[in-house]
Amino acid sequence: MIGAREFISKEIEKLNGLISNGIDKESNTQLKKELSELMYLLDISDRYQISKKTIDTMLELPDSNTGYSDYRIMNDCESDDPAQWIEIRINNKEIRLSEGDIIIRKK
């Protein structure tokens, strides 16, 4: 049985042939872009084990209405005192989020 990734790859190859032969170039180029985007999303899904079964909630950060502000991810160190909180760093960088960014909460 052919998997989705292989199916999409074959369709992209077919589209490449049609595009290079000048057949319905504009719409085939658009379809190729869309299929390439799906391949990218499949790669992300595989890399982070994101699927319908693993997603609990998807949250889009709202406009803070405070001008340009960042959202920050903190480890509260089991304390309600913000002085005890530690800002999370990944690859030695703080994580700064903005309105419209999406957080995926996994199960």
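Residues numbered from 1 in each chain as written. Predicted model: local features only at pLDDT ≥ 70, side-chain atom pairs only at ≥ 80, totals over all residues. Heavy atoms only, no water.

Colleague: What is the right way to read the pattern of salt bridges from this model?
Modeller: Applying the stated rule across the entire model yields eight salt bridges. Arg-5 serves as the salt-bridge partner of Asp-43, at 2.6 Å between the closest nitrogen and oxygen. Of this pair, Asp-43 sits in helix α2 (residues 25-47) while Arg-5 sits in helix α1 (residues 4-20), and the two are 38 residues apart along the sequence. For the salt bridge of Glu-94 with Arg-89, the shortest nitrogen-to-oxygen distance reads 2.5 Å. (Salt bridge = Lys/Arg side-chain N within 4 Å of Asp/Glu carboxyl O. Helix = DSSP H or I, 4+ residues; strand = E, 2+ residues; numbered from the N terminus.)

Colleague: What exactly am I supposed to notice about the packing of α1 against α2 here?
Modeller: Working note: a packed helix pair is described by the angle between its axes plus the distance between those axes. Axis separation between α1 and α2 bottoms out at 9 Å; the angle between their running directions is 155°. As the angle between them shows, α1 and α2 are arranged roughly antiparallel. As α1 packs across α2, the resulting crossing turns out to be left-handed. Where α1 abuts α2, its residues Arg-5, Ile-8, Ser-9, Glu-11, Ile-12, Leu-15, Asn-16, Leu-18 and Ile-19 lie against Lys-25, Asn-28, Thr-29, Leu-31, Lys-32, Leu-35, Ser-36, Leu-38, Met-39, Leu-42, Asp-43 and Asp-46. Of the residues that constitute the contact of α1 with α2, the class distribution is 10 nonpolar, five polar and six charged. (Axes fitted to C-alpha atoms, helices over the stretch in contact; angles between N-to-C directions. Parallel < 35°, antiparallel > 145°, perpendicular 65-115°, else oblique. Left-handed = near helix turned anticlockwise from the far one by under 90°. Contact = heavy atoms within 4.5 Å. Nonpolar A, V, L, I, M, F, W, Y, C, P; charged D, E, K, R; others polar.)

Colleague: I keep staring at a nonpolar patch on the surface and nothing clicks. Help me out?
Modeller: Taken together, Leu-38, Tyr-40 and Leu-41 make up a surface patch of nonpolar side chains, about 290 Å² in accessible area. In this structure, Leu-38 sits in helix α2. Leu-38 gets classed as partly exposed once you look at its relative accessible area, which sits at 41%. (Patch = residues over 30% accessible without salt bridge, like charges linked within 9 Å, V, L, I, M, F, W, Y side chains within 5 Å. Areas by Shrake-Rupley, 256 points an atom, 1.4 Å probe, with all protein chains shown as cover. Buried < 20%, exposed > 50% of the residue type's maximum accessible area, 1.4 Å probe, protein only.)

Colleague: I'm lost on unusual backbone geometry in this one. Help?
Modeller: With a phi angle near 50°, Gln-49 is a residue other than glycine that sits in the positive phi range. By the element assignment, Gln-49 lies in the loop between α2 and β1 (55-60). Phi at Asn-91 takes a positive value of approximately 55°, unusual for a residue other than glycine. Here Asn-91 lies in the loop between β5 (89-90) and β6 (93-94).

Colleague: Please explain the nonpolar core as it appears in this structure.
Modeller: Taken as a class, soluble globular proteins show a tendency for nonpolar side chains to be buried jointly. The biggest cluster of nonpolar side chains holds five residues, and these are Ile-8, Ile-12, Leu-15, Leu-35 and Met-39. Take this core: its biggest share by element is three residues, from α1. Excluding anything up to four places from it in sequence, Met-39 contacts Arg-5, Ile-8, Ser-9 and Ile-12. (Core = buried A, V, L, I, M, F, W, Y, C linked by side-chain atoms within 4.5 Å.)

Colleague: Even after reading the chapter, I still don't get α2, so can you show me in this structure?
Modeller: An α-helical turn contains 3.6 residues, so any two residues separated by three or four positions project in the same direction. Here α2 is 23 residues long and its end C-alpha atoms lie 33 Å apart, about the 33 Å a rise of 1.5 Å per residue gives. Listed as buried for α2 are Asn-28, Leu-35 and Met-39. Buried residues belonging to α2 abut α1. Looking one or two places after α2, you find Gln-49, whose phi comes out positive at around 50°. (Expected span 1.5 Å × (residues − 1).)

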